[in-house]
Amino acid sequence: DEGEEKKKRFRSSVVKRNRTAYNEVFDVLEKRDSIPLPRIQALVKNIPTNKTHVFEYPMKWDLYDRFKAGVEPTVAQFVSTKVSALMGAEEQSIVDYVMEKLSEHMRPSEMFDDLHAVFDVDTEIFVLKLYRLVIFELEKLKLAQKMTR
């Protein structure tokens, strides 16, 4: 039947597109882990360090969403370590909250406002380091993407 044949072709094209997208993500994540040290050092030098520049940095949220599986474990580990250090104990609810807000593309200034009651004077340093890490991870992905082409 013609309708069944159309459905099969459609399913086949969807599977092929998904497999291609998955392979690209895998290739980029694999390449990201093999970027030469001098290129990594150059990336680090270009990441903003002051509050104004970090807060105004044009985040590449499309890359974050696309490569979330490769970015989030590193960021979550950082957040967990820093939250434990600041709170004196592991606070998974705060880690989950921060990770959720990053997934929602929360701006650094909003994250600062939301966390200020929790971290008080340590909020600025935490948010700056958090977003510098996210920027670094996204820039590494961007570089790895270029290297796979």
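Keep in mind the model is a prediction, meaning the values are calculated, not measured.

Colleague: Which residues make up unusual backbone geometry, and what are the values?
Modeller: Although it is not a glycine, His105 sits at a positive phi angle of roughly 65 degrees. Note that His105 resides in the loop between α6 (92–103) and α7 (108–119). Residue class for His105 comes out partly exposed when judged on its relative accessible area of 27%. Notably, Asp120 is not glycine yet its phi reads approximately 50 degrees, a positive angle. Relative to the helices and strands, Asp120 is located in the loop between α7 and α8 (123–148).

Colleague: Lay out the nonpolar core with the relevant residues and their values.
Modeller: Ranked by internal contacts, the top residues of the largest apolar core, which has 39 residues, are Val79, Leu102, Phe126, Leu130 and Tyr131. Secondary structure elements with two or more residues in this core: α2 (37–45), α3 (51–56), α4 (61–66), α5 (68–87), α6, α7 and α8. Those residues in contact with Val79 that lie beyond four places of it in its chain are Val95, Val98, Met99, Phe126 and Leu130.

What counts as what
Residues numbered from 1 in each chain as written. Predicted model: local features only at pLDDT ≥ 70, side-chain atom pairs only at ≥ 80, totals over all residues. Heavy atoms only, no water. Helix = DSSP H or I, 4+ residues; strand = E, 2+ residues; numbered from the N terminus. Buried < 20%, exposed > 50% of the residue type's maximum accessible area, 1.4 Å probe, protein only. Core = buried A, V, L, I, M, F, W, Y, C linked by side-chain atoms within 4.5 Å. Contact = heavy atoms within 4.5 Å.

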